[in-house]
Structures are given as C-alpha cells and as structure tokens.
There are 2 protein chains.
Amino acid sequence: MKLENPHPIEWKFSQRAQQLQGSVIREILKVTMRPEVISFAGGLPSPETFPVERMKAAFDAVLSRTGKVALQYGPTDGYAPLREFLANSLSTPSSTISPEQIMMVSGSQQALDLVGKVLIDEGSKILVETPSYLGALQAFSVYQPQFESVAMDDHGLVPASVAAQGAGARLLYALPNFQNPTGRTLSVERRFELVETCSRMGIPLIEDNPYGDLCYSGEPLPKLLNMNPDGVIYMGSFSKILTPGIRLGYIVAPKPLVRKLEQAKQAADLHTATLTQMVVYEVIKDGFLGEHIPTIRHFYAAQCQVMLNAMSTYFPDSVKWTTPLGGMFIWVTLPDHIDSKELLEAAIAQNIAFVPGAPFYANNPAKNTLRLSFVTVSPERISRGIEILGQLIKARL
Amino acid sequence: MKLENPHPIEWKFSQRAQQLQGSVIREILKVTMRPEVISFAGGLPSPETFPVERMKAAFDAVLSRTGKVALQYGPTDGYAPLREFLANSLSTPSSTISPEQIMMVSGSQQALDLVGKVLIDEGSKILVETPSYLGALQAFSVYQPQFESVAMDDHGLVPASVAAQGAGARLLYALPNFQNPTGRTLSVERRFELVETCSRMGIPLIEDNPYGDLCYSGEPLPKLLNMNPDGVIYMGSFSKILTPGIRLGYIVAPKPLVRKLEQAKQAADLHTATLTQMVVYEVIKDGFLGEHIPTIRHFYAAQCQVMLNAMSTYFPDSVKWTTPLGGMFIWVTLPDHIDSKELLEAAIAQNIAFVPGAPFYANNPAKNTLRLSFVTVSPERISRGIEILGQLIKARL
C-alpha cells in the first residue's frame, strides 16, 4: 500500500528555523578528516586524555549493581548524588551552592539552548563578547535576539563596555576562562567589576566554563557564580575534563530560573540519560578528577607551548596572537588586508586547516582573524603546519 | 570575594517560557513513589524487560574495541551503521528508506521538540488527536501554536475530521498504534485514507510510533511512513523495546526537512551520545530484537488481560474502557458526572493512583476520563487496585 503520485509538500519552515544555518566549523571538519591534513580546526579534546578503562569499569559496576534503575526513566533535574557532588564542588566558604540550583543537561550546548528558550524573545537585546563562542551564537540565534557585541581586550571582556551598552539587555553571555575562540582570560580584577555591573543593571550574567579547570599553572580562577549566586547562570561540562561523547553537562541557576529551565528541559527531552549520570558519578565520586585533570593540563600546556614556539619562529612580526593561560585555543590576528577565509583555501590546498575568525562575531566580523587548536596534533605536525602557514602568510604581505 | 547586597534580579521569562508548565503526570508520580501505592499512573516500561546483561556486554565490547571513538564528539545526524540498520528495517519492497532520511535523537521527546521548533510559528494551526499524547502537547505548546483537535473513535483518528478541519494546518500529529493515552489503534482501512487526505491537503503528517512493535498478536501494522515517505515524518524510539534510560530515538523525514532538523539539533545539543548509539547498534545488529520484542509482547498482553478481567469483574456497567491490541495503556470513560480528578484524590487516600484524562486534551477536556497503565504492577496488585477503584466509582453513582 503506497500512495501513487503523492502531492509534493512545500515545506514551510518556521521563522526561527529560517535563521538556522549549519556550523561553519562542522563543514570545515568534514574537509579535514583526511589523515594527511594537519588540522588546527577542531574543537575536540584529545582522545589521549579519555579515561577509557575507568569508564568501562564504571559502566560495568553501575549496570551490575543497579542496572534496572540506571536503564529506566529518571528525574528531569538529574541524578541526585551527582548534583550533590557538584554542589559541594562549586561551593566556597562564602557562597553555598545547593543541589536544588543544579540541573543536569545533555552537554552544555543544551544549557545554551534552554537558557535561550526561556530568556529570549524575538528582538530581545542580548550581550555577547567580541568575538564569542560560535555554538552559543547558533543556539541563541534560533530565538531571534538582537545581538550586541561588547568589547574585549587582552584582559578579557571590558566591564565598562557592558555598563555603556547593557541597558535593557536580557542577558550577558561570557566565557571568562581560556575563551573559545580567543584563549583569553578575564582578569581577576575585572571579574568582580563585571559581576557588580550586571547586578546593578539587573542583567543575568551567564558564565560558560567548559575550560576553567584546564589552567596551565596554579589553581582555577574564582568563579563569577560564587561572587553572586543570585545573579549568575553557570554552565559546566564534563566534555573537556572527562569525555565529550557521553554528552553530559550541568547548569547552575538561581531557583526561580532553574525550575523554569526544568520545565523547558522536560518538554525538550524529558531528562538526560540516567545511566550516563550514574557512571560519571561512579568515576568521579572518590576524587578521580583531582588526579586526572592535572595530566590534561600538563599535556595541553606542552602542546600550546610547541605551537607558540613555532609561531615565534615562523610567523612574520606583523602577525599577532594570544598567549593562553589554559584551554585549547590560540587566536591569531593577521595584518588587516589578509582575509583568513582566502588564506584557509590556500592552506587546505597544502593540507593545513584552521577556522577563520569571522563566524565568531555576532556583529562586524574581523576577517583577518583565525582560531588555532593545538590539542589533537602531534608536536612535529604542529611545527610543520605552523611553518607552512607562516609561508602562506608571508606570501600575502 | 562575594558581592554584598546584590540587587535581586526580576526574572523576565520569554513569552514561550510563560506557556511552560510542569507535567501533571510527573507531579502525580512524585506522590505515588511510596511502595504501598498501587500505581496505574506510570508511563514507564517494565524494568523486567530490560536486557541488562546484554547492555553490559555491549558497553564492554564497544569501549574495549573503540573506546576513544565512542567517547569523542560525533556527527549530528548520528552513528552511520545504526542509521543504515534502521533504514533497512524501515524499508519495504515498495518504499525504500535511505539512511540520509534518518537522524538520531536523544529520545523521541526530542524529535517532538525539534519538529515543533522547525515547523511551528506563533499562532500556527496544528492538528492533534482527541485526546493526544501529553508530552507532545507540552513540546509543541512551547512554540505557541493554535491547537485544533480532530475526532477519534474506537478505530482511531477520523480522516474525515482532518479533511473538514485541516485547511492551512502546519502539521498533523498522530500516534496510530496503541495510542498514549487511549490504547486505541488506527484501523488499517483508515491509514491509507489519512495519508491520502494529508497529502492532498499538503499537511505534513507526523507518525509517532513508540509502541508499534508491542502488538499482542500478529505482526506490527503497516506504517504511514511507507505509504508516503515524502509526506510523513516518522518518530521511533528504543525506550519501549530496549530501555528508556539511555535516551535514544530517531526521526525519519523527507530530505529537505531532515537537513533543517539537523541544524536545529546541532544548535540544541550538538549530537546524541556516540557511545549510546554504538552500544545499541552492538546490541541489535545481529537480530536481538527479533527474539526480545516477543517476550515484551507476551508479558504486556498478559498484564493487560489481567486488568481487563478485573475491570469486567469490578467496574459497574456504566463505565466504558478501551481494549488495546498492544502497548501499555487502557483508557476509561466514567459516567459524565464523575470528575476523575476528584476520584484520584479519593483513590490516593486508598493508595491507588492513575492519571486523570483532562491534561491529554488540547481543547475541551473530558473530565470523566482517565488513563490506566498495567505494565509495572503485579497481577495480584492489579486486581486489588481495580477492585478498590471499582468501589470508589460505585460510591459515586
């Protein structure tokens, strides 16, 4: 039984769906899957850091012990012991975070989508960094806001720019630690000023912190969350400190907001996989991250240094770049007249890839910028790739 | 460093978030967690049917063989071998489904959210059954449509009602097999008529099919999808035939729509857990479902019969109910003057729970209806619970 000559449907997409575009990065990644390509384009953590054996043992333990619970539907806000563990980890002597403020999500991209869904109306003014994380711009743009870009410099977001531009904003989205794409860090001095400014202006401040634990030296910087738990929405992730392919993150928000986010999550996908949450709790509950995270820090710090050294050697003086204190990215600013998209085409012809900077701007893209990731490429290939990139840039001076 | 006397934020939710409400069912479930309660309220599959050992072995095998791939980010449309497997399973001699038409999602609730996001504008007319699945009403209501309820009878959705009411509708949402909440099945005769009507009127037809494999006798009924693959959006799930706690489902859609859904999925949560998809493929690739599903069918059929028998014995003649051919639910219609919400209060006082019917209606709720699930309660407790419920109903005649 099949319909003969069905009338072809003319698909009519919603206005919000017409805003949607595929990610530029994902398109580039498809091109750069060939093994001969030296790709600085990825945003993927290094699989060398994945604790595969630990995860395997944890799946085995959880399924053996409580398989029928782990495989059943679960609560929308998440697995209670994991939320308690996170609440304890996030609390400081002066600011207590309660488990009721925490909701587990299927990766922190989902946190961005849910916050956008709950806080953004069509035309709402929202503040983002210049440049900002592409995935956040994508997630928010579905809800058709008016993006307002606030200034950044080498010390991160400029609080005075928020004060000047922020009146009436529905939220400010910030990535204070080792930002994607720039690798920049918001200075400690500015953190308090930023929190104070947002509180005074009544602007909910989103602190997206997927990389915060990956500092190359010292301890993670103080969180905006702890400076004002009633005004900051915090997003955390296990993607960069454990593994991304399990899709697990969390959102910490003041209680009136977290209950509304929970309703949005319930409508969006009921809840995040019970088994995944129980397994991650099993892996981390006895302090595993305390020994594991330092190994990632050392690994990424060394990789970053290799790239910085190669850039000093092979890039001309007119090229500028950031010196990250942690994380996975370096941001490069070329002389004004070089378009990084054109450079990418030439680079791909030589089997080198990176991500042009333009898509990271909500307004007025700087076409002479690009993002480099160093975490999944061997030191030899980092040096070789940067050398070739340097030649391509010099040829354009 | 903590802000002294922060200005309290007045949370301003988006218009769509103001539509959001918590699920009535989840609220009832909280009340009925006490072990002494005989709960017919749940929509959960029986954990007795979960193949825990198989799942454990599959996690072990996948993590041992390809742990670093399974734990890494993956493609938005999903794990290719699983999509190929599903495409083969869904194809018939007269209608070929290609893997490019399939996108994996984090449970079919996410399919509902993504379809709503991509097809519904504020005020869009959308058609739903009377009554309809509560989770779908929740997911769609976020996007502020105008719901139009189309008629159902014991043979399921009435196609003539679609023809009469459907002009200009952006979609029709149907659950043709063992519907949640009524347990009704769309007759084979009406299937073709419905598909033809929707095609002629240019209405995208959503076939939500979480229970279709759980037929108590014979083979699953023909899918609307195969009658018109260019006009039907099909939603499948592993929740009722494998386990729900892993959150895995899929959506089959015509290519122009599936590419747009993929962009929406990318913005919503990047992709569904790689590991989960690889594990499910490992479990089902050699035909496991062919032996496993019949055990669930027999189990649920026997449970259903126990409840039907008890209802015949203990319910007064003025009460009517459906006789499901599969699935997990029986729908009860009380005499007009009995309000099932009031009955629920009395029932809970006697440690019996069910779900009142009103929340399943998009328009004009029938307050004298209720939904019973029989899959997670022992036969003895089913009989006892129905007996007590019968007494409570009789007391109200």
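**Some details on the interface of chain A and chain B**
Put simply, an interface is often sized by how much accessible area is lost when its parts join up.
Here is step 1: Facing 85 residues of chain A, the contacting portion of chain B comprises 85 residues.
Here is step 2: Among the secondary structure elements, those contributing two or more residues to the side of chain A that touches chain B are α1 (15–19), α3 (52–70), α5 (108–119), α6 (134–141), α8 (188–201), α9 (224–227), α10 (255–269) and α11 (274–284) of chain A.
Here is step 3: With 10 residues, the single largest contributor to the side of chain A that touches chain B is α3(A).
Here is step 4: Among the residues making up the side of chain A that touches chain B, the classes are represented as 39 nonpolar, 29 polar and 17 charged.

**Considering the environment of A:Glu148**
Here is step 1: Assignment of secondary structure puts A:Glu148 in strand β4 (residues 146–150).
Here is step 2: Here A:Glu148 is in contact with A:Lys125, A:Ile126, A:Leu127, A:Gln165 and A:Ala169, once residues within four sequence places are set aside.

**Concerning the packing of helix α3 (residues 52–70) of chain B against helix α11 (residues 274–284) of chain B**
Two quantities define a packed helix pair, namely the angle between the axes and the distance from one axis to the other.
Residues and elements named next belong to chain B.
Here is step 1: One way to put it is that α3 packs onto α11 with a least axis distance of 9 Å and a crossing angle of 130°. Judged by the inter-axis angle, α3 sits oblique to α11. Read as a crossing pair, α3 and α11 show a hand that is right-handed. Contacts between α3 and α11 involve Arg54, Met55, Ala58, Phe59, Ala61, Val62 and Ala70 from the first element and Thr274, Leu275, Met278, Val279, Glu282 and Val283 from the second.
Here is step 2: The residue inventory of the contact of α3 with α11, partitioned by class, reads 10 nonpolar, 1 polar and 2 charged.

**So, the sheet that holds β4(A)**
The pairing of strands in a sheet happens through backbone hydrogen bonds and is either parallel or antiparallel.
Residues and elements named next belong to chain A.
Here is step 1: The strand order across the open sheet built from 7 strands is β2-β10-β9-β8-β7-β3-β4, with neighbouring strands paired in mixed fashion. If you trace the sheet from one side to the other, it starts and ends with β2 (102–105) and β4, each paired once. On average, each strand axis in the sheet is tilted by 20° relative to the strand beside it, whichever way the strands run.
Here is step 2: Alignment of strand β7 (residues 171–174) against strand β8 (residues 205–208), held across 3 bridges, turns out to be parallel.

**Remarks on α3(B)**
All names here are of chain B.
Here is step 1: Helix length check: α3 (19 residues) gives 20 Å between terminal C-alpha atoms against 27 Å at 1.5 Å per residue, more than 12% under.
Here is step 2: Of all the bends in α3, the greatest measures close to 70° and is centred on serine 64.
Here is step 3: Every buried residue of α3 is accounted for by Met55, Ala58, Phe59, Val62, Leu63, Gly67 and Ala70.

**Describing the packing of helix α12 (residues 288–314) of chain B against helix α14 (residues 379–394) of chain B**
Residues and elements named next belong to chain B.
Here is step 1: Direction vectors running N to C along α12 and α14 enclose 30°, while the axes themselves pass 9 Å from each other. Looking at the two axes, α12 sits roughly parallel to α14. As α12 packs across α14, the resulting crossing turns out to be right-handed. Side by side, α12 and α14 meet where Val306, Met307, Ala310, Met311 and Tyr314 of the first sit next to Pro379, Ile382, Ser383, Ile386, Glu387 and Gly390 of the second.
Here is step 2: Residue composition of the contact of α12 with α14, by class: 8 nonpolar, 2 polar and 1 charged.

**So, the relation of the copies chain A and chain B**
Here is step 1: Screw-axis analysis of chain A against chain B gives a translation of 0.0 Å along the axis, an RMSD of 0.0 Å, and a rotation angle of 180°. Such a combination of turn and shift is consistent with a two-fold rotation axis.
Here is step 2: In this assembly, 100% of the residues forming the interface of chain A have copies in chain B that are likewise at the interface, indicating an isologous arrangement.

**Remarks on the pairing of strand β15 (residues 369–373) of chain B**
Residue and element names in this part refer to chain B.
Here is step 1: The buried fraction of β15 amounts to 5 of the 5 residues, a majority that puts the element mostly inside the structure.
Here is step 2: Here β15 shows a buried face lined by Thr369, Arg371 and Ser373 and a second buried face lined by Leu370 and Leu372.
Here is step 3: Relative to β15, strand β12 (residues 329–333) is paired through 5 bridges, and the arrangement is antiparallel. Across the sheet, the residue bridging to threonine 333 is threonine 369, located in β15.
Here is step 4: As paired strands, strand β14 (residues 355–356) and β15 are joined by 2 bridges and run antiparallel to one another. Bridging across to β15, proline 356 finds its partner in leucine 370.

**Focus: unusual backbone geometry**
Here is step 1: Omega for the bond connecting A:Asn180 with A:Pro181 falls within 30 degrees of zero, at 20°, which places this linkage in the cis form.
Here is step 2: Mapped onto the fold, A:Pro181 is located in the loop between β7 and α8.
Here is step 3: With an omega dihedral of 0°, the bond running from B:Thr130 to B:Pro131 counts as a cis peptide bond.
Here is step 4: By secondary structure assignment, the location of B:Pro131 is in the loop between β3 (125–129) and α6 (134–141).
Here is step 5: The backbone of A:Asn364 shows a phi angle near 45°, a positive value even though the residue is not glycine.
Here is step 6: The exposed category is assigned to A:Asn364, around which 9 C-beta atoms lie within 10 Å.
Here is step 7: One non-glycine residue, B:Asn5, adopts positive backbone phi at about 45°.
Here is step 8: Since 6 C-beta atoms lie within 10 Å of it, B:Asn5 is described here as exposed.

So, how was this worked out
- Residues numbered from 1 in each chain as written.
- Chains lettered and ligands numbered in written order.
- Predicted model: local features only at pLDDT ≥ 70, side-chain atom pairs only at ≥ 80, totals over all residues.
- Contact = placed C-beta atoms within 7 Å.
- Helix = DSSP H or I, 4+ residues; strand = E, 2+ residues; numbered from the N terminus.
- Nonpolar A, V, L, I, M, F, W, Y, C, P; charged D, E, K, R; others polar.
- Axes fitted to C-alpha atoms, helices over the stretch in contact; angles between N-to-C directions.
- Parallel < 35°, antiparallel > 145°, perpendicular 65-115°, else oblique.
- Left-handed = near helix turned anticlockwise from the far one by under 90°.
- Pairing = 2+ DSSP bridges.
- Expected span 1.5 Å × (residues − 1).
- Bend = angle between axes of the 7 residues up to and from the residue.
- Buried ≥ 20, exposed ≤ 12 C-beta atoms within 10 Å, placed from the backbone.
- Least-squares fit on C-alpha atoms with pLDDT ≥ 70 in both.

Fair warning: the whole summary comes from geometry, so function is off the table for now.
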